[in-house]
Amino acid sequence: MSYPTPATSVKLVLLGEAAVGKSSLVLRFVSNDFQENKEPTIGAAFLTQKCTIGERTIKYEIWDTAGQERFASLAPMYYRNAQAAIVVYDITKPASFIKARHWVKELHEQAAKDITIALVGNKYDLVQDDDEGQGEREGVRKVSVEEGQNLAAEEGLLFYETSAKTSYNVNDVFIGIGNKIPEAASLASSPEQNNNEGRIDLSTNASSNGNRNLCSC
Amino acid sequence: MSNGFRARLGSISTIQSARSLFPTTTVEPTTAVTFTNVEPNLIGTESTYTPSVTDSEGFLANSGLLTDDEVSDYFQQPDEDLSEMLTDLIRHTPEEPTSAKQSFLDVNIFPNPYDLDEEEFYKRHIEISKEDELFHDKLKQFFILSNAGKPIYSMNGSDEIIIGYMGVITTIISTFEENMNEEIYSISVGDMKIVALNKSPLILVSISKIAHEQPNVLLSQLNMLYNYLLSIISKPTIDRNFHNKLNYDLRRILTQLDFHNLDCLCMKMTYGLTSYDSFNYYISQLLNASLQQIKISYTARQRLNKILLDSKRMRQNSDDKETDLGADLLFSILSVNSKIVSFMKPKNHNLTNQDLTLLFSIINSSKSDISNDETSEDMWFPICMPNFNPNGFLYVFVKTIILQTTPVTITLLSSNKNSFYQIRQISNYIIHKLTKPKMLSKLTKELHESNTLAILREVPISHFIYKNKALNQFVMSDTDNSVNSVLQLSYFYNTLYHTKASQMKTIGSLNIKKFSYTRWTVDEAVITGFMLSDNNYEFYCLCNYQINSKELIGHCIKVIKWCEKNYNRLFIGNGVSFT
C-alpha cells in the first residue's frame, strides 16, 4: 500500500436515556479518557474521529445527543441522515433498557432503511468482580446478557456490553460498525465537509423559526 | 409607593410592579460631607442602607457631591479642592501596605454567632446543602414553587423541610393577591429580608440574612432565576403545562443539569462564588447587568469584527444552486472566559446584557471536556433568550478552540434548528481565519497580555473597576478567585456602590461628579475604598493600605484618564451590525 485510501465519512448518532454513558463512550473513543461525574450534555455535541479498520480509514462524524426528555424532539434531526446509530443502555438500570427498545423502534420507523444500529449495554465495570476472574458481582446487573442479545437478534442489531470507564469493548463497537458499513454505501466523500453538508435539505425545514416546544410531555 | 422601595424594620411593603424597583438600585451616602463649598449640591434623600458601624471598628465612610467646576478645578490644579477635602476626611497614619491577608471573618461581613473558623463558617452558613440539618443556619435561601404550592427548586434543604414553608408562602401570596390586589411584596424582620416575585404560574422567593443584600437586589436575583427557567423551557411551554393541569410538576422537564445550574446561579448571585467567572458575574450584576470587557488593540478588534461579518456573508455553490450559509445566523460572539472580544448582531436587534450573561452561564455549565484542537466538540442546543423573544427558541452553536494557551469561544446563534451544518461551516471559516499565522500570533500575544492592565504597574491601587455608563460595560483588574478574596471584594464593592449618592442633580448643564470614600480597619490592616463618578463613568477602587488622600485621588484620576484614552481597546461598544 503506497497511498492511504481516502477516509470514508460515516455519520453516527448516539441515543439512549440520560446518564447511561453516551458522552463517556464518545470521550473514551475519541480521547481515550474517562471522567467520573461527567456533566450532562445539553442539546447535542458534534465530534469527529478517524478510525482505521484494516485498509480502510473511516471518519466518524458523531452526534452525541442529550438523553433528557426535554431534548427528545430534536433527535430526528440527528438521526435523519445517519448511516449508523449506537443505542446505549445501562446494564444496571432496567428502565434504560426499555428506553433503548423505544429508540430502536423509532430508528427502524424513521431513520434511513439501511442504517447500521449497535445496541450497547454500558457500565460493565459495575458488575465486574474486583478479582480479575470471570465472575460477576451479585445483584448489581439488572439487564441480562441474554435480554440484550435477544433484542439485537430480533431487530438485526450489533450487540456489545461495554465499559467506558475501563474502556472494555469500546473500540470494538466502532470497529464493528465500520465493518458492517458497506464500502459503497459510505459515499466517496470529498476531503472536507462540503458534500456532506450539501445533503441536508434546508427547504423542508425552513419554517422552524418561532415557537418551538421542546417538551414532549 | 410607585417609585420607592423601602425596607423598614419589621415592615411589609408592597409595590405595584416589578419595573419600578429597578431604577432605584442605589442608596444614600452614609455620611454626607457638609463643606460650605459643596453643600448646595448635596442631595438629601432617604437612606435605606446603612453599613453597620459595628461591622468593623474603624469603619469610616464619607461621600459627597462636587460640581463639574470643582472637580475640573482639581484636574487643573491637583492640589486644590478635592484633595483638600479628602485630607480632612482621612486620618493620616504612616503608610504601610498590608502584607498578611486577613480572613473574611475579620471583616465581619457576616455575623458569626458560633465563633467558627473560616472553613466551618463556610460549611455551616454559606455552602449549599440539601441536608435538613443545617437548613436554618444558611444565610441565604431561594425557593421556586408553583402557584399550587408544589416545590420546584430550593437552594437548601430537602422537600421534607421546605414543603411546609411552601404552604405558608402560597397562603400569604394569595391573600395579598385576592384581598389587596397587590403583586409583589417584601417583608423584613430584623436583619432578615424576604422578597417574593409572582410570575404566575410560578412563584419565586428569596430570604436573606446578609446585611448588605437589599430587597431590590434580591428581586433582581429572583428575576435572574426566572429568566433561567425561561431560557431552557420558554414561556409558552410553562404556561401550557400549567394550563392543562394546575397541579403540574415542573420538575418533570427540568434535568439534573438545570438544578445544578440553579445552584450555581444562587451562589454566584449571592456571594460571587464558586467558579472562575462567578466574581465577574457578581460585579456585573452589582453594576446593573454591566458587561465585562477584555483589553485588545483596536486594529485586532476591527479585524475580528470583519471576520465575523465576512463569515455571515458566506455563500456556497453546489449543484448550480447558491446557498446562503449565514441566512439563519443572527448573532456571532467571540469570547475569552465569558468576556466578549467581538460581537456581531443584526442592525435592528440586539441581545440584552442579561441575556448574554445567561447565555454564558449556560455555556460554561457544560464546558467541553475535550480541549484538544483536532477533536474538540461542537455543541448545538436550543435556548430561549427571554429579553429577545420569550416565546421562541434560538439554536446555539458553541466551539472552544485553544489559541496557544488561551481558550477562545465561538458562539453562533441561529434561528433555525436545522442549520447546524451551515453554522458549522461558518465556524470553520472563523477558525481558519483566527489560526492564520499572522492573526494567531498577534491575537495570542494580545490576549495573553490583556490580563495585566499596564496602568496598575504605575499606581498603588490594588483593585479597580471602571464602568462606561453609556455602554453599560466595565473593565476590572484581575482577581484572585479564592473564597476569602471574593467574599471580601464583593462586600467592599457592595458597600462602596451603595454608599454613593443615589442621584445626580444636574444644575444647568453641569456634569456633577460624585465621590465616596470608605475605609475598613481590620486588626492592624487598613483597606481604603474610593468611588468617583460623573455622567460618563463610575470608578471604584481599593487600596490595601492607608494612603495619602492627595496621592489616592491623583492615582484614581490617572487610571480614569488611562481608561478614557484606551476606550477603543477596552470596550467593544455596540459590536458590528449587518443589515
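Scroll up to find the structure.
Residues numbered from 1 in each chain as written. Chains lettered and ligands numbered in written order. Predicted model: local features only at pLDDT ≥ 70, side-chain atom pairs only at ≥ 80, totals over all residues. Heavy atoms only, no water.

1. A few points about the packing of helix α7 (residues 256-271) of chain B against helix α8 (residues 278-286) of chain B
Residues and elements named next belong to chain B.
Now for step 1: The interhelical angle for the contact between α7 and α8, taken along N-to-C directions, is 60 degrees, at an axis separation of 8 Å. In terms of axis orientation, α7 runs oblique to α8. For the pair α7 and α8, the sense of crossing is right-handed. Here α7 contributes Leu 265, Lys 268, Met 269, Thr 270 and Tyr 271 to the contact with α8, which in turn contributes Ser 278, Tyr 281 and Tyr 282. (Axes fitted to C-alpha atoms, helices over the stretch in contact; angles between N-to-C directions. Helix = DSSP H or I, 4+ residues; strand = E, 2+ residues; numbered from the N terminus. Parallel < 35°, antiparallel > 145°, perpendicular 65-115°, else oblique. Left-handed = near helix turned anticlockwise from the far one by under 90°. Contact = heavy atoms within 4.5 Å.)

2. Observations regarding the packing of aromatic side chains
Now for step 1: In total, this model carries 33 aromatic pairs over all chains according to the counting rule given.
Now for step 2: Relative to Phe 97 of chain A, the ring of Tyr 89 of chain A lies with its centre 4.7 Å away and its plane at 70 degrees, an arrangement referred to as edge-to-face.
Now for step 3: Among the residues examined, Tyr 89 of chain A registers a relative accessible area of 0% and is labelled buried.
Now for step 4: Classification of Phe 97 of chain A as buried rests on a relative accessible area of 4%.
Now for step 5: When the ring centre of Tyr 114 of chain B is taken as origin, the NZ or CZ atom of Arg 124 of chain B, which lies over that ring, is 3.9 Å away. (Phe/Tyr/Trp six-rings, centres within 6.5 Å; stacked < 30°, edge-to-face > 60°. Buried < 20%, exposed > 50% of the residue type's maximum accessible area, 1.4 Å probe, protein only. Lys NZ or Arg CZ within 6 Å of the ring centre and 35° of its normal.)

3. With respect to the pattern of salt bridges
Now for step 1: For the coordinates displayed, the defined rule picks out 22 salt bridges over all chains.
Now for step 2: Where Lys 105 of chain A meets Glu 109 of chain A, a salt bridge forms, and the shortest distance between an N and an O atom there is 3.7 Å. Taken together, the residues span about one helical turn, with Lys 105 of chain A and Glu 109 of chain A both in helix α3 (residues 94-110) at a distance of four residues.
Now for step 3: Note that Glu 322 of chain B and Arg 315 of chain B form a salt bridge whose closest N and O atoms lie 3.0 Å from each other.
Now for step 4: On the basis of relative accessible area, Arg 315 of chain B is assigned to the partly exposed category, the value being 46%.
Now for step 5: Here the salt bridges share partners, and the residues they tie into one network are Asp 90, Lys 93 and Lys 123 of chain A. (Salt bridge = Lys/Arg side-chain N within 4 Å of Asp/Glu carboxyl O.)

4. Quick word on the sheet that holds strand β4 (residues 84-90) of chain A
Now for step 1: Spatial ordering of the open sheet is given by β6(A)-β5(A)-β4(A)-β1(A)-β3(A)-β2(A)-β13(B)-β14(B)-β15(B)-β11(B)-β12(B)-β21(B), a layout of twelve strands whose pairing is mixed. Pairing within the sheet leaves two strands with one partner each, and these edge strands are β6 (158-161) of chain A together with β21 (576-578) of chain B. Mean inter-strand twist for the sheet, computed between neighbouring axes without regard to direction, equals 20 degrees.
Now for step 2: For β4 of chain A and strand β5 (residues 116-122) of chain A, the ladder comprises seven bridges, and the chain directions are parallel. For Val 87 of chain A, the partnering residue across the bridge sits in β5 of chain A and is Leu 119 of chain A.
Now for step 3: Packing of helix α1 (residues 22-31) of chain A onto the sheet brings it into contact with β1 (8-16), β2 (44-53), β3 (56-65), β4 and β5 of chain A, and relative to β3 of chain A it is tilted by some 150 degrees. (Pairing = 2+ DSSP bridges.)

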